[in-house]
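# Working through the structure, step by step
The lines below spell out each chain.
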Amino acid sequence: MNAVAEALFRVPPFPRATPFPIVRPGRTTDVSAPELIAAIRRERVGGETWGADDPWQRFDRHEPLRLGGDDPMALLATIAGCPVVIDGSGPFADLSSLETLVAQHLIAQTSWHDPFSGEPASPLHVVARLGAWRRLIDANRAVAAAYGFAAWKQDTVAAMLWNGRDSSIFASANDTHLAQIPPDKAIAVWKARVPADFLAELEQSGRPLLEVEDGFIRSIGLGADCVPPLSIAVDDLGAHYDPSRPSRLERLLAEDEPDAQSLARARALREIIAAMGISKYGVGGDPLPRPAGTRRHVLVVGQVEDDRSVRLGGCGLASNHELLRRVRTRCPDAYILYRPHPDVEAGHRKGHVPHAEALRLADAIDPGSAISALIAMVDEVHVLTSLAGFEALLHGKAVITHGIPFYAGWGLTTDLGPVPARRGRRRTLDQLVAAVLIDYPRYLDPTTGLPCDAELLITRMGAGVRREKAALVALRKVVGRLNRLVARIRTRR
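Below or above, wherever it landed, is the structure these notes cover. Because the structure is predicted, anything quoted here is derived from the model rather than measured.

Take the overall build of the protein next. Secondary structure assignment for the protein yields 19 helices and 17 strands. Radius of gyration (C-alpha) of the protein: 26 Å, near the 23 Å computed for a compact globule of 493 residues. Seen through its C-alpha atoms, the protein measures out along the principal axes to roughly 85 × 55 × 45 Å. Among the 493 residues that make up the protein, the fraction classed as buried is 54%. Within the structure as shown, the protein displays about 21,100 Å² of accessible surface, and the carbon and sulfur contribution to it stands at 51%. Across the protein, the mean location of the 60 positive side-chain charges is 7 Å away from that of the 58 negative side-chain charges.

The following block contains the structure:
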């Protein structure tokens, strides 16, 4: 057993996660001591970086640390550039040859492994992942409580909001401990799921608020069916779908300049998404024939009519029927396909357009095909604020926005709504993808329960891996069918 590596490098104890060990006895041959030292310094990892007593905070003071000659922390402190005074004998009694010590303890006697698969991995890859986790935990340090998170969501959201100390931060709006939270601590809130009076209390308290929403690559299955999210967006400025004020996503798009590596990653990511047919709620779908041959095919994407993105970014248009009417007026000769929103079709949300009414404006209704397959088949996609417009951009399709979604106003879409002037900067598709899918959201591996990157989640989704309570999901689907039946009976009356 290599006690030194195991003492210094561990996966943070994210709630409800089951990682593979990242260091084991063995030998590494694909990294040099200087490379590993530089990576550890750059990522500031090693030791319990998630704890209240982060060793790197002590290293930053550059005050000599008095440690035992057998304490692995002496090696880490020296890597960090912190002066160390040694008491007693041991493997670190002489720290004058740092590269030799690193080569011995962290390379020659250590085998490094991927925490998601357990397979052998480059130490530089593992250290980079530890660094990503460190940044995530640091971003959550101030989070003291989370409101509006249903119990079925907490299993996946917990790790993505973990602050390094509290095993659970979830609370109910009925709890009375809000007044006990220090005013400088942040509150994470799912605004659509807390009472209006409690939300007003939160907003008036002056505490920092982090608005949480589903991520853009979410799950296999619907949130309305109680399938928990495998991705979330956490925004300290505002909701990404609220054009009345800047969000953190909008700031990324307006101000950041992704480097060549990020752009290459974004390009590869969108190509994988298009090839696999990844969408917010699913994967794949067989290619679809064009029902009208060479005639221009237009897809109109319905939405939940009382959704916050519609109310805030719909420019007053909150009717799927009216959206269809506007598209038919704009495209009188096109073959129009109408896609109802899956939550509406499942019987859980508002926005149903009776088929007879829809077919007066559209040529066909397709509630069942994969949205990615529909997008791939058509020439043009019309949306109000739907994420399907962003997904269509990944497929290289023309997108017309009738509202103001987050991807409008960057020169990639035809925008019919009054896009804020602050979005006047033109962005390339890869720059958009880098911000929207790499820098902004947080992802969770459904297998290990560890925070991960978009590529790993897509791989898991492609393999059909889920993380949900099957009985609850089945029950919700039954409820949805009953809701649809009741709606049909009312319509006939």
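Take the side chain of Asp 366 next. Residue position: Asp 366 is located in the loop between strand S12 (364-365) and helix H15 (371-377). Although Asp 366 is buried, it forms no salt bridge, and the closest oppositely charged side chain is Arg 339 at an N-O distance of 4.6 Å. One polar contact links the side chain of Asp 366 to the main-chain amide nitrogen of Gly 368, over a distance of 3.1 Å. The contacts of Asp 366, once residues within four sequence positions are left out, are Tyr 338, Arg 339, Pro 340 and Leu 374.

Relative orientation of the contacting elements helix H2 (residues 33-43) and helix H5 (residues 98-108) amounts to 85°, with a least axis distance of 9 Å. The angle between H2 and H5 falls in the class roughly perpendicular. Note on element contacts: H5 touches H2 through Leu 98, Glu 99, Val 102, Ala 103, Leu 106 and Ile 107, opposite Ala 33, Pro 34, Leu 36, Ile 37, Ile 40 and Arg 41. Its residues placed into classes, the contact of H2 with H5 shows 10 nonpolar, no polar and 2 charged.

Before going further, it helps to examine the pairing of strand S2 (residues 65-68). Side chains Leu 65 and Leu 67 project from S2 onto a buried face, and the interleaved Arg 66 and Gly 68 project onto a face without burial. Pairing analysis gives 4 bridges linking S2 to strand S3 (residues 84-87), with the strands arranged parallel. Pairing of Arg 66 across the sheet is with Val 85, part of S3. Assessed by its sense of winding, the connection that carries the chain from S2 through helix H4 (residues 72-80) to S3 is right-handed.

Before going further, it helps to spend a moment on the sheet that holds strand S10 (residues 297-301). Ordered in space as S12-S11-S10-S13-S14-S15, the 6 strands form an open sheet in which the pairing is parallel. Strand pairing shows two members of the sheet lacking a second neighbour, S12 and strand S15 (414-415), which therefore form its edges. Two strands pair when backbone bridges link them, and strand S14 (residues 398-401) and S15 are joined in this way by 2 bridges, in the parallel orientation. From the neighbouring strand, Thr 401 faces S15, where its bridge partner is Asp 415.

Another aspect to go through is the environment of Val 300. Looking at the element boundaries, Val 300 is found in strand S10. For Val 300, a relative accessible area of 0% gives the class buried. Other than its neighbours up to four places away in sequence, Val 300 contacts Leu 323, Leu 324, Val 327, Ile 336, Leu 337, Tyr 338, Arg 339 and His 382.

The next point concerns the pairing of strand S9 (residues 231-235). In terms of burial, S9 is a largely internal element, 5 of the 5 residues being buried. The two faces of S9 match: Ser 231, Ala 233 and Asp 235 on one face and Ile 232 and Val 234 on the other face are all buried. Pairing of strand S8 (residues 209-214) with S9, which is carried by 4 bridges, proceeds in the antiparallel orientation. The residue bridging Asp 214 from the neighbouring strand is Ile 232, located in S9.

Running from N to C, H4 and H5 cross one another at 130°; their axes reach a closest spacing of 11 Å. Here H5 runs oblique to H4, going by the angle between their axes. The crossing of H4 and H5 is left-handed. Contact residues: H4 offers Leu 75, Thr 78 and Ile 79, while H5 offers Leu 98, Leu 101, Val 102 and Leu 106. Residue composition of the contact of H4 with H5, by class: 6 nonpolar, 1 polar and no charged.

What counts, and where the lines are drawn
- Residues numbered from 1 in each chain as written.
- Predicted model: local features only at pLDDT ≥ 70, side-chain atom pairs only at ≥ 80, totals over all residues.
- Heavy atoms only, no water.
- Helix = DSSP H or I, 4+ residues; strand = E, 2+ residues; numbered from the N terminus.
- Rg over C-alpha atoms; globule rule 2.2 N^0.38 Å.
- Buried < 20%, exposed > 50% of the residue type's maximum accessible area, 1.4 Å probe, protein only.
- Areas by Shrake-Rupley, 256 points an atom, 1.4 Å probe, with all protein chains shown as cover.
- Lys, Arg positive; Asp, Glu negative; His and termini not counted.
- Charge placed at Lys NZ, Arg CZ, Asp CG, Glu CD.
- Salt bridge = Lys/Arg side-chain N within 4 Å of Asp/Glu carboxyl O.
- Polar contact = N/O pair within 3.5 Å; in protein donor to acceptor, adjacent residues only side chain to side chain.
- Contact = heavy atoms within 4.5 Å.
- Axes fitted to C-alpha atoms, helices over the stretch in contact; angles between N-to-C directions.
- Parallel < 35°, antiparallel > 145°, perpendicular 65-115°, else oblique.
- Nonpolar A, V, L, I, M, F, W, Y, C, P; charged D, E, K, R; others polar.
- Pairing = 2+ DSSP bridges.
- Right-handed = clockwise from strand over helix to strand, strands pointing away.
- Left-handed = near helix turned anticlockwise from the far one by under 90°.

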